[in-house]
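Spelled out from the first residue to the last, the chains are:
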Amino acid sequence: MEPNRTPTPASSPVDLVITGGTIVTDQTSFKGAVAIRDGKVVAVGSDDTMPEARETFDATGLHLLPGAIDAHVHYREPGYTHKEDWRTGTAAAAMGGVTTVFEMPNTNPPTATVEALRLKQKAAEKAYVDFGLYGLLAEDNLDQLEALIEGGVAAFKCFMGNTFGNLPSPSTGAMLEGFEIIARHGLRISLHAETASIMALRQKKLMEAGRTDPLAHLASRPAVVATEAVSRAAVLAEWTGARIHILHISSGDELRPLRDAKARGVDITGETCPHYLLFDENAYTDLGPIIRVNPPVREKHHQRALWEGLKDGTIDMIATDHAPHDPEEKTREVIWRADCGFPGVETQMALMLTQVNAGSLSLTDYVRLSSTAPAKAFGLFPHKGALVPGSDADIAIVDLGRRETIRAEALHSRGKITPFEGFEVVGVPVHTLVRGRFVMRDRKLIEEATGWGLSVTRVQAMPKPEPRHVDETTAAITGGKSGQAGSSTQEAA
Ligand SMILES: [Zn+2]
């Protein structure tokens, strides 16, 4: 039940009926209408079958998609609010047709303890859209993991390689124990799969050799950095039964260990991001430090492999790695000093719908990759990721014919600088609803909807955990003294 609504008696008019549009699922699309009551879809059918409604909305000529679920955003609050905060970050999501975000723990303080989680939850009270919060899995917080689960994290993040915030990556030993603990609860662990030691050594040698140019960033992180990390994470997931998710797949090489792990029955999913699909190595010349991101944008053959991986299902979903910085931080001449990443949550849908219009992807594939697959991976389906009776009425209403030019200055993020500046897009979200309420209407943010967003843990139900090798875990061999795993239950979190 929604905390801030009184359920309406079933006989009275529904809150809203959206008529005249084309409803798109991950399987098919059809002309139809959607009726919404108390934030949920209560009917889907032809216009003339809809119940009486307090408000109707004409979506003739438009497409209704389940709102995008972005499994990878950085909202910087607490700690780095000159880059972004929860109000600006979720406003950008609302403007981009994104109705649920999963937010990363590399804030200050990092979301590694229950106290830090409370600060993050407080910051998230401003959200325009629904959200899941990542807890951190690090070397030194194994005794906090179960308290974080109890405190309401929706998933975990493990940095196998460094990125903004410079959180030290855990040893493989700590990863294994963390996986053992989390496997008992079934929550998914998302991995920044780049091996820190390889990158650190190569970067040091490049710096000693005097390299400061943008392409030195790519040279410091060749694809083997990611391939080694994906393979190692998959081995640990297979042993422990932990569910894992590979963030920001940037290379064709990672697809082999991903496919192999799936074939072995490992519960592993993977995402890529628009920048890996739309840029190649020429971006280092064209954009300089603005294109610096971890992992790096790579050579053209990787881009081609990623498109193949999207189409054949090896890559499960599209996320953005939304990572805003301020212009000064993003444009430093010495590449090692330029901050990594850029905003993406507001532009993903328009960029990918442009690819749909160009024939690179079908609209149903796009719904699967942007909404249905992440909903399934993170235990939200069919509350989210679908438009069926009973689903949350999270809807992106898109105009597939509308043309716009992406302009950094028009973005709602605080850190606006983007490599997509000047991109012509065809197909943009024009209205966004979160649980039946407009948070963006006619391409305008509904300012007063700040605070409407809720934590997804209220609907999250991960499948029953399937931990393996339970009598060989660190907790088992030490009589339950390690972490707090010995006292945990087998309940789904
Ligand atoms: Zn990230």
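Structure first, text after, so check above.
This one's a predicted model, so the numbers in the text were calculated from it and none came from an experiment. (Residues numbered from 1 in each chain as written. Predicted model: local features only at pLDDT ≥ 70, side-chain atom pairs only at ≥ 80, totals over all residues. Heavy atoms only, no water.)

Q: Help me understand the sheet that holds strand S10 (residues 188-192), please; the structure alone is not making it clear to me.
A: Either a parallel or an antiparallel arrangement is found when strands of a sheet pair, and the pairing is made through backbone hydrogen bonds. In space, the eight strands of this open sheet follow the order S6-S7-S8-S9-S10-S11-S12-S13, with parallel pairing throughout. Whereas interior strands pair on both sides, the edge strands pair on one side only; in this sheet they are strand S6 (68-73) and strand S13 (317-318). For S10 and strand S11 (residues 243-246), the ladder comprises four bridges, and the chain directions are parallel. Note on S11: the bridge partner recorded for Ile 189 is Ile 244. Contacts between helix H1 (residues 86-95) and the sheet are confined to strand S7 (98-103) and strand S8 (130-136), with S7 contributing the most and set at about 135 degrees to the helix. (Pairing = 2+ DSSP bridges. Helix = DSSP H or I, 4+ residues; strand = E, 2+ residues; numbered from the N terminus. Contact = heavy atoms within 4.5 Å. Axes fitted to C-alpha atoms, helices over the stretch in contact; angles between N-to-C directions.)

Q: I tried to follow the coordination of the zinc ion on my own but got confused; where do I start?
A: Between any two of four tetrahedral donors, the ideal angle at the metal is 109.5 degrees; between two of six octahedral donors, it is 90 or 180 degrees. For the zinc ion, the full set of protein donor atoms is His 72 (NE2), His 74 (NE2) and Asp 321 (OD), at a range of 2.0 to 2.2 Å. Sequence spacing of the donor residues for the zinc ion, all on one chain, is H-x1-H-x246-D. Separated by 247 residues along the polypeptide, His 74 in the loop between S6 and H1 and Asp 321 in the loop between S13 and helix H12 (327-330) bring together distant segments of the chain. Judged by its relative accessible area of 6%, Asp 321 falls in the buried class. (Donors = N, O, S within 2.8 Å, 3.2 Å for Na, K, Ca; no water. Buried < 20%, exposed > 50% of the residue type's maximum accessible area, 1.4 Å probe, protein only.)

Q: Can you help me understand helix H7 (residues 223-240) in this one?
A: Working note: α-helix, 3.6 residues per turn, so residues spaced by three or four point in the same direction. Its 18 residues place the ends of H7 26 Å apart at the C-alpha level, agreeing with the 26 Å of an ideal helix rising 1.5 Å per residue. Inspection of H7 places Ala 223, Val 225, Ala 226, Thr 227, Ala 229, Val 230, Arg 232, Ala 233, Ala 234, Leu 236, Ala 237 and Thr 240 among the buried residues, and these make up the whole buried set. The first or second residue beyond H7 is Gly 241, which carries a positive phi of 80 degrees. (Expected span 1.5 Å × (residues − 1).)

Q: Help me out: how do you make sense of helix H4 (residues 172-183) in this one?
A: Here H4 is twelve residues long and its end C-alpha atoms lie 16 Å apart, about the 16 Å a rise of 1.5 Å per residue gives. With nine of twelve residues buried, H4 lies mostly within the body of the structure. Within H4 the residues assigned to the buried category are Ala 174, Met 175, Glu 177, Gly 178, Phe 179, Glu 180, Ile 181, Ile 182 and Ala 183. Among the structural elements, helix H3 (145-151), strand S9 (155-159), S10, H7, S11 and helix H15 (474-477) are those in contact with the buried residues of H4.

Q: Whenever I open this one, the nonpolar core confuses me. Can you help?
A: The nonpolar side chains of soluble globular proteins are, as a tendency, buried together. Formed by 114 residues in total, the largest nonpolar core has its most connected members in Ile 18, Phe 179, Leu 191 and Ile 395. The residues contacting Phe 179, other than those within four sequence positions of it, are Leu 137, Ile 189, Leu 191, Ala 233, Leu 236, Ala 237, Thr 240, Ala 242 and Ile 244. Met 104, Ala 373, Leu 380 and Val 459 belong to the second-largest nonpolar core, a separate cluster that totals 16 residues. (Core = buried A, V, L, I, M, F, W, Y, C linked by side-chain atoms within 4.5 Å.)

Q: Help me understand the packing of aromatic side chains in this model?
A: Two aromatic rings, taken as a pair, are described by how far apart their centres are and by the angle between their planes. What the rule picks out here adds up to nine aromatic pairs. Judged by centre distance (5.1 Å) and plane angle (50 degrees), the rings of Phe 57 and Phe 438 are tilted. Here Phe 57, found in strand S4 (residues 53-58), pairs with Phe 438, found in strand S16 (residues 437-441); they are 381 residues apart in sequence, far enough to count as distant. Accessibility assignment for this pair places Phe 57 and Phe 438 in one class, buried. Between Phe 342 and Phe 420, the ring centres sit 6.5 Å apart and the planes meet at 90 degrees, which makes this aromatic pair edge-to-face. (Phe/Tyr/Trp six-rings, centres within 6.5 Å; stacked < 30°, edge-to-face > 60°.)

Q: Looking at this structure, I do not really get the packing of H4 against H7. What am I missing?
A: The geometry of a pair of packed helices is captured by two quantities: the angle between their axes and the separation between those axes. Interaxial distance between H4 and H7 falls to 9 Å at its minimum, and their mutual angle equals 40 degrees. Accordingly, the angle class assigned to the pair H4 and H7 is oblique. For the pair H4 and H7, the sense of crossing is right-handed. Residue-level inspection shows Thr 172, Met 175, Leu 176, Phe 179, Glu 180 and Ala 183 of H4 in contact with H7, the latter providing Arg 232, Ala 233, Leu 236, Ala 237, Trp 239 and Thr 240. Here the residues of the contact of H4 with H7 sort into eight nonpolar, two polar and two charged. (Parallel < 35°, antiparallel > 145°, perpendicular 65-115°, else oblique. Left-handed = near helix turned anticlockwise from the far one by under 90°. Nonpolar A, V, L, I, M, F, W, Y, C, P; charged D, E, K, R; others polar.)

Q: Any chance you could explain the packing of H7 against helix H8 (residues 255-263) here in plain terms?
A: One way to put it is that H7 packs onto H8 with a least axis distance of 8 Å and a crossing angle of 15 degrees. Put simply, H7 runs roughly parallel to H8. As for the relative orientation of H7 and H8, their crossing is right-handed in sense. From H7, Thr 227, Val 230, Ser 231 and Ala 234 reach across to H8, where they touch Arg 256, Pro 257, Leu 258 and Ala 261.

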